[in-house]
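Letter by letter, the chains look like this.
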Amino acid sequence: MAMLNFLKRGLKKTKDGFFGRAISMIKGGITAEKLEDIQELLLLSDVGPETSEYIIEKMRKEKGDPVEVLRNTLIDLLGIDERLKFSQIPPTVYTLVGVNGSGKTTTAGKLAWRFKRDGKRVILAAADTFRAAAIEQLKEWGKRAGVPVIAHQMGADVGAVAYDAVKHAISNGIDLVIIDTAGRLHTKDNLMRELEKIHKVISKLSSNQPTETLLVLDATIGQNAIQQARIFDKSVGLTGIVLTKLDGTAKGGMILSIKKELGIPVKLIGIGESVEDLRDFDTFKFVDALLE
Ligand SMILES: Nc1nc2c(ncn2[C@@H]2O[C@H](COP(=O)(O)OP(=O)(O)OP(=O)(O)O)[C@@H](O)[C@H]2O)c(=O)[nH]1
Ligand SMILES: [Mg+2]
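This section reports on the structure supplied with the text. (Residues numbered from 1 in each chain as written. Chains lettered and ligands numbered in written order. Predicted model: local features only at pLDDT ≥ 70, side-chain atom pairs only at ≥ 80, totals over all residues. Heavy atoms only, no water.)

### Quick word on the packing of aromatic side chains
Evaluation of the coordinates by the stated rule reveals 5 aromatic pairs. With 6.4 Å between their ring centres and 55° between their planes, Phe86 and Tyr94 make a pair best called tilted. Given a relative accessible area of 41%, Phe86 falls into the partly exposed group. Here Tyr94 falls in the buried class, since its relative accessible area comes to 0%. The ring of Phe86 has Lys120 sitting right over it, with the charged end atom 5.1 Å from the ring centre. (Phe/Tyr/Trp six-rings, centres within 6.5 Å; stacked < 30°, edge-to-face > 60°. Buried < 20%, exposed > 50% of the residue type's maximum accessible area, 1.4 Å probe, protein only. Lys NZ or Arg CZ within 6 Å of the ring centre and 35° of its normal.)

What follows is the structure in structure tokens.
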């Protein structure tokens, strides 16, 4: 129950922008006119044209309670949720990638806090060496979470930071290494190659690494996120998506087209700025929060 209320609060804007309105419209039954209005609302919530069409078609064709039809369609689009993976042989390594300001460092900190609370031995790695402030920001998160931060100087080679962190983890029985990287434009080849380098370095130390390469996406950019994800996936091979700032947008509908268009699971959602505001993505709870 607590989880549902928490999610409802985080998804309020998206709910008010579309789902709440759609539900009050369809409760009394569906008409062609209502479907047109709903389609417009779907597009406004950045659900994307193809996915909007798919939802409207389902609602036109399927018989039964329209709210249930909508619920089943959303569940179908979001698919079965997937959890973060752990490596059989420690350490588990998560690399966080994404464009500037998407929420990578915040997500790294929240993850460290959560797994530390769960009794795991966690370290953070400051592989954003572009700005001194970025290293400081991660160190702050390290303090908040109570976990060590492996960092070099500003301008240091990011491969060397990742190498040190994973090596330290192997020699010290650390369960989880979370690597924070610099924000980069997905259109800049040299920066994308830097990420490949991080992966090359850690896969040399430990096979099957990294365990997860997570693209941190800012939900407020709506449908633009799809193109961003495609390019990151092509370059570094993503295992999952973290959708942040869902609390700050009415465009949360974009989550519905991610799985369908990219086939990459959303594994975590961020719905606020504090340590606790990051949750595993759970399809059923998510849909309940939007529709109830
Ligand atoms: N409301 C809200 N704000 C968030 C969330 N996640 C991150 N933020 C905020 O977004 C801003 C950018 O977050 P960072 O974690 O610094 O982003 P980043 O990707 O590391 O940024 P760069 O390192 O500059 O590329 C900060 O002000 C965060 O507090 C979220 O889920 N909800
Ligand atoms: Mg950062």
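### Description of a negative patch on the surface
Residues Glu33, Glu36, Asp37 and Glu40 make up a contiguous surface patch of negative charge. Residue position: Asp37 is located in helix α3 (residues 32-44). Under the relative-accessibility criterion, Asp37 is labelled partly exposed at 40%. (Patch = residues over 30% accessible without salt bridge, like charges linked within 9 Å, V, L, I, M, F, W, Y side chains within 5 Å. Areas by Shrake-Rupley, 256 points an atom, 1.4 Å probe, with all protein chains shown as cover. Salt bridge = Lys/Arg side-chain N within 4 Å of Asp/Glu carboxyl O. Lys, Arg positive; Asp, Glu negative; His and termini not counted. Charge placed at Lys NZ, Arg CZ, Asp CG, Glu CD. Helix = DSSP H or I, 4+ residues; strand = E, 2+ residues; numbered from the N terminus.)

### Considerations on the side chain of Thr181
Position of Thr181 among the secondary structure elements: in strand β4 (residues 176-181). Of the polar contacts made by the side chain of Thr181, one reaches the backbone oxygen of Leu96; its length is 2.6 Å. Excluding anything up to four places from it in sequence, Thr181 contacts Thr95, Leu96, Val97, Lys104, Ala127, Asp128, Leu195 and Ile198. (Polar contact = N/O pair within 3.5 Å; in protein donor to acceptor, adjacent residues only side chain to side chain. Contact = heavy atoms within 4.5 Å.)

### Comments concerning the site of ligand 1
Taken together, the neighbourhood of ligand 1 is formed by 20 residues, with Lys104, Thr105, Thr106, Asp247 and Glu273 sitting nearest. Separating an oxygen atom of ligand 1 from a backbone N or O atom of Ser102 is a distance of 3.1 Å. Between Arg131 and ligand 1, the recorded distance is 3.4 Å, taken from a side-chain N or O atom to an oxygen atom. In isolation ligand 1 offers 650 Å² of accessible surface; the protein chains occlude 80% of this area. It is helix α6 (residues 104-117) that contributes the most residues to the shell around ligand 1, 4 residues altogether. Here the residues of the shell around ligand 1 are counted per class, giving 2 nonpolar, 11 polar and 7 charged. (Near = heavy atom within 4 Å. Nonpolar A, V, L, I, M, F, W, Y, C, P; charged D, E, K, R; others polar.)

### As for the sheet that holds strand β7 (residues 266-270)
Across the sheet, 8 strands lie side by side as β3-β2-β4-β1-β5-β6-β7-β8; this open sheet has mixed pairing. The strands lining the two open edges of the sheet, one partner per strand, are β3 (149-150) and β8 (278-280). Strands β1 (92-97), β2 (122-127), β3 and β4 of the sheet are contacted by helix α8 (residues 158-172), whose axis makes an angle of about 170° with β2. The strands touched by helix α10 (residues 224-236) are β1, β5 (212-218) and β6 (240-244); relative to β5, the strand with the most contacts, the crossing angle is about 160°. (Pairing = 2+ DSSP bridges. Axes fitted to C-alpha atoms, helices over the stretch in contact; angles between N-to-C directions.)

### A short note on unusual backbone geometry
Here the residue pair Pro90 and Pro91 is connected by a cis peptide bond, since its omega of 5° sits within 30 degrees of zero. You can see Pro91 is positioned in the loop between α5 (66-78) and β1. Backbone torsion omega between Gln209 and Pro210 reads -5°, so that peptide bond is classified as cis. Here Pro210 lies in the loop between α9 (189-205) and β5. The backbone of Asn208 shows a phi angle near 60°, a positive value even though the residue is not glycine. Its location among the elements puts Asn208 in the loop between α9 and β5.

### Examining the packing of α10 against helix α11 (residues 255-262)
In the contact formed by α10 and α11, the axes pass within 10 Å of each other and the chain directions differ by 35°. As for how α10 packs across α11, the hand of that crossing is right-handed. For the pair formed by α10 and α11, the contact residues are Ile226, Ala229 and Arg230 on the first element and Ser257, Ile258, Glu261 and Leu262 on the second. A per-class count over the contact of α10 with α11 returns 4 nonpolar, 1 polar and 2 charged. (Left-handed = near helix turned anticlockwise from the far one by under 90°.)

### Details of α3
One full turn of an α-helix is made of 3.6 residues, so residues set three or four places apart face in the same direction. An ideal rise of 1.5 Å per residue puts 18 Å on 13 residues; α3 measures up with 19 Å between its terminal C-alpha atoms. Of the residues making up α3, those classed as buried are Leu35, Ile38, Leu41 and Leu42. Axial view of α3: buried residues confined to an arc of 120°, hence all on one face. Every exposed residue of α3 that faces more than 90 degrees away from the buried side is listed here: Ala32, Glu33, Glu36, Glu40 and Leu44. Against α2 (12-26) and α4 (49-61) lie the buried residues of α3. Note on α3: the residue one or two positions beyond its end, Asp46, has a positive phi of about 65°. (Expected span 1.5 Å × (residues − 1). Arc of directions from axis to C-beta.)

### Examining the environment of Leu78
Assignment of secondary structure puts Leu78 in helix α5. Take Leu78: its relative accessible area is 6%, and that puts it in the buried class. Sequence-wise, Leu78 and Val97 are 19 residues apart; in three dimensions their C-alpha atoms are separated by 22 Å. In this structure, Leu78 is in contact with Ile255, Leu256, Lys259, Phe281, Thr283, Phe286 and Val287, ignoring residues within four places of it in sequence.

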